[in-house]
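Notes for the structure review
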Amino acid sequence: MQGRQIKQCGLSSLTLLATFLHCNCLPHSTGGKPFPETAKEIASYAKVAKSIIDLAVYGKAQNRSYERLADFTDTIGNRVSGSKNLDLAIKYMFSALRKDGLENVHLEPVKIPHWVRGVESAVMLQPRNHTMAILGLGSSVATPQGGIEAEVLVVESFEELKKRQKEAIGKIVVYNQPFVSYGETVQYREFGASKAAEVGAVATLIRSITPFSINSPHTGWQDYQEGVQKIPTACITVEDAMMMARMAKRGQRIVVRLTMNAQTFPDADSFNTVAEIIGSEHPEQVVLLSGHLDSWDVGQGAMDDGGGALISWEALSLLKDLGLRPRRTLRTVLWSAEEQGGVGAQQYFQLHKVNISNFNLVMESDMGTFTPLGLQFTGSVQARAVMAEVMKLLKPINTTTLEEHGEGIDIEMWMDAGVPGASLHVADSRYFWFHHTNGDTMSVQSPIEMNLCSALWAVVAYVVADLEEMLPR
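Residues numbered from 1 in each chain as written. Predicted model: local features only at pLDDT ≥ 70, side-chain atom pairs only at ≥ 80, totals over all residues. Heavy atoms only, no water.

**Remarks on the sheet that holds strand β13 (residues 282-292)**
Within the open sheet, the 8 strands sit side by side as β3-β12-β14-β13-β15-β18-β16-β17. Their pairing is mixed. Among the strands making up the open sheet, the edge pair consists of β3 (103-116) and β17 (401-404). On average, each strand axis in the sheet is tilted by 25° relative to the strand beside it, whichever way the strands run. Here 3 bridges tie strand β15 (residues 359-364) to strand β18 (residues 421-426), and the two strands are oriented parallel to one another. Looking at the pairing, E364 lines up with S423 of β18. Contacting β12 (263-277), β13, β14 (328-335) and β18, helix α11 (residues 302-321) runs over the sheet at an angle of about 145° to β13. Along the sheet, helix α12 (residues 343-352) makes contact with β3, β12, β13, β14 and β15, crossing β3 at roughly 130°. (Pairing = 2+ DSSP bridges. Helix = DSSP H or I, 4+ residues; strand = E, 2+ residues; numbered from the N terminus. Axes fitted to C-alpha atoms, helices over the stretch in contact; angles between N-to-C directions. Contact = heavy atoms within 4.5 Å.)

Structure below.
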């Protein structure tokens, strides 16, 4: 999940913003309203923002998003793309949103990948017998019947693999790459199989993409490169990758038997789930809030991304409870098949991009619902100035930070097309400990943190949707 780098006219957006604010010459927004007037308008929402915060954090809605998430994940469990569990999750959420009294609750059909893990195992046979914990990677092919038994080549980088490519022929390549950052290190999970296949390897075992491990493998999607032999691929634990690296350094011969029964089926029918509070003056204009409903087939998918989906529901519930109807429509979308590359969101974009001028702000929460710090934002300098004023309304819960680079695979196509985008910015140092593992359960979640996330999400969405003018592009 790499960030974006925004530069305009050779200056960073923050430098430009400071310059504009200093000279009080921010360009007028679409309707020509001077920025000081917009700032004054935003400040007038302080009491409304406080009422939303009080309801979410201290009032009758306290802990509601957490309790809803617990019921959802305990009832449904994990929800991988194409599975019956994802179908059940969509039906559950459709029913719950309607029961909550939200408006225009409906399902929008999409086609999504359908990959099934099957039985899998990896056993070290030499230099000693050791059963390894593994998780096959999404879209991986199966091993031949009876598995693959082969010697192991351990490398720490693609560069080392290239230097030792003659040694890789007929072997299982084990990547023991160090964790630098998710954005940099995930390339080994995504492309490691094809890189190894190009030099004649028969399978790959990849050190899990995490900075911390308790012998826990992490799964995720991987991409075969066109024209390259497809070989089985799985993630192993940090501990086993490091152990094999030590063995290889001592000159010990390592032999592993890998068995994987994974299958890929034709794309499955599914849905993006939608609910709204319809705008009072400009119902065609939209502020979109989102999280993804699918997860991997391990754990409960509570953190990734049950929490993001639930606060996107909770934000509408809070506003409904307070009788707040903004000028523009608030639309919550719960995506399908995000984990396979934002598949449901891409189809949503293709369907709705004809109305792109009416999309005011797109929001996504997909980095956990831990203690919120503020937002990450992508948009024009003028829009950033407006958002900075909106964030000041969150001072009562100390979540006023506005960072650069809105993130989220489900909204990136909108941002690329010029629509302002925001992602929830949380204290996420623990996120990749549990990411795509059996450890992604309700035990990771905190009701207090989810209350705060819900309050932030609702305040931002409501105020931006209710301002006299849309965010400048």
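**Comments concerning the UniProt feature "domain: Peptidase M28" (unreviewed entry) in the protein**
Per the UniProt entry, the sites bearing "domain: Peptidase M28" (unreviewed entry) are residues 272-457 in this numbering. Secondary structure across residues 272-457 divides into 33% helix and 26% strand, with the first and last C-alpha atoms of the span separated by 20 Å. (UniProt positions renumbered as here; feature names shortened; annotations may be inferred.)

**A short note on a nonpolar patch on the surface**
Together, F212, I214 and W433 line one region of the surface with nonpolar side chains, adding up to about 300 Å² of accessible area. Here I214 shows up in the loop between β9 (203-207) and β10 (233-236). Judged by its relative accessible area of 65%, I214 falls in the exposed class. (Patch = residues over 30% accessible without salt bridge, like charges linked within 9 Å, V, L, I, M, F, W, Y side chains within 5 Å. Areas by Shrake-Rupley, 256 points an atom, 1.4 Å probe, with all protein chains shown as cover. Salt bridge = Lys/Arg side-chain N within 4 Å of Asp/Glu carboxyl O. Buried < 20%, exposed > 50% of the residue type's maximum accessible area, 1.4 Å probe, protein only.)

**Description of the pairing of strand β11 (residues 255-260)**
When strand β4 (residues 120-126) meets β11, the two strands line up antiparallel, connected through 6 bridges. Looking across to β11, one finds that E120 is bridged to M260. Where strand β7 (residues 148-155) and β11 come together, 4 bridges link them in antiparallel fashion. Bridged to E151 within β11 is V255.

**Re the packing of aromatic side chains**
Under the counting rule described, the total for this entry stands at 15 aromatic pairs. On the numbers, 6.5 Å between centres and 80° between planes, the contact of W115 with W296 is edge-to-face. Of the two residues, W115 sits in strand β3 while W296 sits in the loop between β13 and α11, which places them 181 residues apart along the sequence. Chaining the aromatic ring pairs together yields one cluster made of W335, Y348, F349, F359 and W414. The aromatic ring of W313 is capped on one face by R68, whose charged end is 3.9 Å from the ring centroid. Positioned over the ring face of F158 is K195, at 5.5 Å from the centre of the ring. (Phe/Tyr/Trp six-rings, centres within 6.5 Å; stacked < 30°, edge-to-face > 60°. Lys NZ or Arg CZ within 6 Å of the ring centre and 35° of its normal.)

**Thoughts on the pattern of salt bridges**
According to the stated counting rule, one finds 21 salt bridges in the structure shown. Put simply, E103 and R325 hold a salt bridge, and the shortest N to O gap is 2.6 Å. A residue pair is termed long-range when its members are at least 10 positions apart, and E103 in strand β3 and R325 in the loop between α11 and β14 qualify at 222 residues. Accessibility expressed as a relative area gives 22% for E103, which makes it partly exposed. The exposure class assigned to R325 is partly exposed, which follows from its relative accessible area of 40%. Measuring nitrogen to oxygen at the nearest pair gives 2.9 Å for the salt bridge that ties R164 to E167. On the accessibility criterion, E167 (36% relative accessible area) is partly exposed. Through salt bridges with shared partners, one network takes in R64, R68, D100, E314, K320 and D321.

**Concerning the environment of D440**
By the secondary structure assignment, D440 is in the loop between α15 (431-434) and α16 (447-466). Along the sequence, D440 and A61 sit 379 residues apart, while their C-alpha atoms lie 25 Å from each other. Within polar-contact distance, the side chain of D440 engages the backbone nitrogen of A302 at 3.1 Å. A polar side-chain atom of D440 sits 2.6 Å from the main-chain amide nitrogen of M303. (Polar contact = N/O pair within 3.5 Å; in protein donor to acceptor, adjacent residues only side chain to side chain.)

**Let's talk about the sheet that holds β10**
The strand order across the open sheet formed by 8 strands is β5-β4-β11-β7-β8-β9-β10-β6, and the pairing between neighbours is mixed. Since the sheet does not close on itself, it has two edges, and those belong to β5 (130-132) and β6 (134-136), each with one partner. Taken pair by pair, the neighbouring strands of this sheet meet at an average axis angle of 30°, ignoring direction. Bridge count between β7 and strand β8 (residues 172-175): 4 bridges; the pairing is parallel. Across the sheet, L153 pairs through a bridge with V173, a residue of β8.

**Topic: unusual backbone geometry**
In the segment running from Q126 into P127, the intervening peptide bond is cis, with an omega of 5°. Considering the arrangement of structural elements, one finds P127 in the loop between β4 and β5. A cis geometry characterises the amide bond from D304 onward to D305, with omega recorded as 5°. Within the secondary structure, D305 sits in helix α11. Positive phi, normally seen in glycine, also occurs at N215, with a value near 60°.

**Re the nonpolar core**
One finds L330, L361, M363, L375, M387, W457 and V460 to be the most contacted residues of the largest nonpolar core, which totals 88 residues. It is α16 that contributes the most residues to this core, 14 residues altogether. Leaving out residues up to four positions away in the same chain, M363 has contacts with V287, L288, L289, S290, I411, A422, W457, V460 and A461. One finds I134, I148, M247 and V256 within the second-largest nonpolar core, a separate group that totals 23 residues. (Core = buried A, V, L, I, M, F, W, Y, C linked by side-chain atoms within 4.5 Å.)

**A word on the packing of helix α3 (residues 46-58) against α11**
One way to put it is that α3 packs onto α11 with a least axis distance of 10 Å and a crossing angle of 115°. Relative to α11, α3 is oriented so that their crossing is right-handed. The segment α3 lies against α11, with I52, L55 and A56 engaging L318, L319 and D321. In terms of residue class, the contact of α3 with α11 is built from 5 nonpolar, no polar and 1 charged. (Left-handed = near helix turned anticlockwise from the far one by under 90°. Nonpolar A, V, L, I, M, F, W, Y, C, P; charged D, E, K, R; others polar.)

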